[in-house]
Amino acid sequence: MKESNMYELIKRLPKVDLHVHLDGSVKPNTVIELAQTQGINLSVSNVKQLIPLIQVNDNCTDLAQYLTKFDLVSKVLHTSEALERVAFEIVEQAYEDNCKYIEVRFGPQLHCEKGLTVEGVIHSVIKGLKRGESVFGVKANAIACCLRHHTVEQNMLVIKAATGFLNHGLVGVDLAGDEASYPAYLFEDVFKLASKNGLPITIHAGEAGGPENIKVALNNLGAARIGHGVRLRENTELLNKLNLRRIPLEMCPVSNIQTKASLSWDDYPIREYFDLGLNITVNTDNLTVSNTNLTNEYYILKEKFNFSIGELGQLIMNAVDASFLNFREKKKLKSKCLLEYSKIVSVTEQVI
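The rules behind each value
Residues numbered from 1 in each chain as written. Predicted model: local features only at pLDDT ≥ 70, side-chain atom pairs only at ≥ 80, totals over all residues. Heavy atoms only, no water. UniProt positions renumbered as here; feature names shortened; annotations may be inferred. Pairing = 2+ DSSP bridges. Helix = DSSP H or I, 4+ residues; strand = E, 2+ residues; numbered from the N terminus. Axes fitted to C-alpha atoms, helices over the stretch in contact; angles between N-to-C directions. Buried < 20%, exposed > 50% of the residue type's maximum accessible area, 1.4 Å probe, protein only. Contact = heavy atoms within 4.5 Å. 1 Å grid on protein atoms, 1.4 Å probe; cavity = no way out; pocket = protein on both sides within 12 Å on 5 of 7 lines; lining within 4 Å. Points joined across faces, edges and corners; volume = space filled by probe spheres on them. Nonpolar A, V, L, I, M, F, W, Y, C, P; charged D, E, K, R; others polar. Parallel < 35°, antiparallel > 145°, perpendicular 65-115°, else oblique. Left-handed = near helix turned anticlockwise from the far one by under 90°. Phe/Tyr/Trp six-rings, centres within 6.5 Å; stacked < 30°, edge-to-face > 60°. Lys NZ or Arg CZ within 6 Å of the ring centre and 35° of its normal.

The name given to the protein in an unreviewed UniProt entry is Adenosine deaminase, with the source organism recorded as Aquibacillus albus. According to the UniProt record, the Function (unreviewed entry) comment for the protein is "Catalyzes the hydrolytic deamination of adenosine and 2-deoxyadenosine."

Strand order in the open sheet made by the eight strands is S1-S2-S3-S4-S5-S6-S7-S8, with parallel pairing throughout. Of all the strands in the sheet, the pair left with one neighbour each is strand S1 (15-21) and strand S8 (280-282). Going from strand to strand, the sheet's axes swing by 25 degrees on average, the running direction of each strand aside. Looking at chain direction, S1 and strand S2 (residues 99-106) are connected through five bridges and run parallel.

A few words on the environment of phenylalanine 187. Within the element layout of this structure, phenylalanine 187 appears in the loop between strand S4 (170-176) and helix H9 (188-196). Exposure remark for phenylalanine 187: the relative accessible area of 3% places this residue in the buried category. In this structure, the C-alpha to C-alpha distance between phenylalanine 187 and threonine 68, residues 119 residues apart in sequence, is 23 Å. The residues touching phenylalanine 187, leaving out its near neighbours within four places in the chain, are Leu147, Arg148, His150, Asn155, Leu175, Tyr182 and Leu221.

Moving on: the layout of surface pockets. Roughly 510 Å³ of volume is contained in the largest pocket. Every residue lining the largest pocket is counted, 28 residues in all, and those nearest its centre are Asp23, Leu67, Phe70, Leu110 and Leu147. Listed by contribution, the elements that provide at least two residues to the lining of the largest pocket are helix H4 (63-67), helix H5 (71-74) and strand S3 (139-147). The element best represented in the lining of the largest pocket is H4, accounting for three residues. Looking at side-chain class alone, the lining of the largest pocket contains 10 nonpolar, 11 polar and seven charged residues. Considered as a void within the structure, the second largest pocket measures approximately 230 Å³ in volume. As for the second largest pocket, its lining consists of 16 residues, and the residues nearest its centre are Gln93, Ala94, Asp97, Leu287 and Asn293. Among the elements of the structure, helix H1 (3-12), S1, helix H6 (80-96) and S2 are those that each provide at least two residues to the lining of the second largest pocket. With four residues, H6 is the largest single contributor of residues to the lining of the second largest pocket. For the lining of the second largest pocket, the per-class residue count stands at eight nonpolar, four polar and four charged.

When the UniProt feature table is mapped onto this chain numbering, "site: Important for catalytic activity" (unreviewed entry) sits at His228. Looking at where histidine 228 falls in the secondary structure, it is placed in strand S6 (residues 225-228). Histidine 228 sits in the buried class, given a relative accessible area of 0%. Residues in contact with histidine 228, not counting those within four places in the same chain, are His19, His204, Ala205, Glu207, Leu249, Glu250, Met251, Cys252, Ser255, Asn256 and Asp285.

Relative orientation of the contacting elements helix H15 (residues 309-322) and helix H16 (residues 327-344) amounts to 165 degrees, with a least axis distance of 9 Å. In terms of axis orientation, H15 runs roughly antiparallel to H16. At the point where H15 passes H16, the crossing takes the right-handed sense. Contacts between H15 and H16 involve Ile309, Gly310, Gly313, Met317, Val320 and Asp321 on the former and, on the latter, Lys330, Leu333, Lys334, Cys337, Leu338 and Tyr341. Considered class by class, the residues forming the contact of H15 with H16 number seven nonpolar, two polar and three charged.

With that out of the way, let us pick up the packing of aromatic side chains. Overall, the coordinates contain eight aromatic pairs when judged by the stated rule. When the ring of tyrosine 66 is compared with that of phenylalanine 70, the centres are 6.3 Å apart and the planes differ by 55 degrees; the resulting orientation is tilted. A residue is classified by how much of its surface remains accessible, and tyrosine 66, at 1% relative accessible area, is buried. Of the aromatic side chains, those joined through ring pairs into one cluster are Phe88, Tyr95 and Phe136. In this arrangement the basic side chain of arginine 225 is found over the ring face of phenylalanine 324, its NZ or CZ atom lying 3.9 Å from the centre.

Printed below as a string of structure tokens:
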């Protein structure tokens with residue numbers, strides 16, 4: 001099959017994105033327009049000038065540098081209108097890539113500089129997601145992130161606020177940020193409260209930090225999923241434990257290379273993990289910062305790691321099963337994805 005035909009085939013596949021950040025996925029034109037509306041000087045006047053400031057290139061050295069690409073965008077995301085708009089537009093972008101379900105994560109405390117409360121931020125994001133859901137038919141839920149560089153008190157506020165929205169557009173909580181500087185064990189009390197309040201938990205771990213952070217995320221923070229988990233292979237015992245417990249990994253191939261979680265595609269362990277039977281899901285992380293989408297992520301797996309269409313289908317089903325949807329919603333999503341998948345691929349490659 002020709003390269004262009006394969007890309008188009010993959011684009012037509014139904015998809016699920018469980019790990020995509022709101023502030024890392026704002027469309028460049030939207031950043032410009034929001035800045036103009038709010039009277040904010042970005043020091044640039046057009047998209048061409050803006051792109052290098054909000055998107056990484058091949059010279060990105062690590063996660064800390066990657067995270068600097070959020071700084072400028074964050075200036076325009078402190079009003080209800082802005083948050084609702086970018087949440088709506090992330091659903092639109094998912095629709096354009098034939099995603100059927102997305103879980104969108106964001107740090108509520110990052111958007112309070114103009115008077116919004118944590119609850120107000122969560123409300124605005126969910127409002128935008130649900131408006132996008134009604135317009136585009138893509139189911140969309142929120143995940144509220146605690147931040148590693150924030151105090152325990154600040155993160156406790158996020159957990160308490162998120163609890164009020166659980167099953168009303170919000171399906172879980174997360175821990176994100178500079179993993180190397182702020183190890184997972186610092187946040188045990190925060191996620192004990194999350195567990196007590198019945199909030200599903202996913203934790204960024206094994207990206208910029210080693211497998212010890214994955215271990216703490218599982219044993220001490222109550223993680224049901226692991227964000228990234230690239231460095232899991234450094235601890236065989238832990239890898240086997242995750243495999244036995246079927247703990248999903250939210251891998252984000254393009255981002256993982258950009259942040260140097262893996263130094264090269266030759267070193268990237270996704271094929272190894274898949275062949276070992278680990279519960280792998282594939283996600284985008286940040287549409288804008290990483291200049292990617294799920295079609296691109298899956299196409300890379302096909303080209304660089306020889307994933308078959310059937311294996312890509314298995315990754316999609318893994319994501320459905322790993323989602324924080326309830327049983328009824330998950331069953332409905334799986335049926336929709338399987339039906340659409342079966343219409344696209346040959347009978348011999350169908351996922352059962």
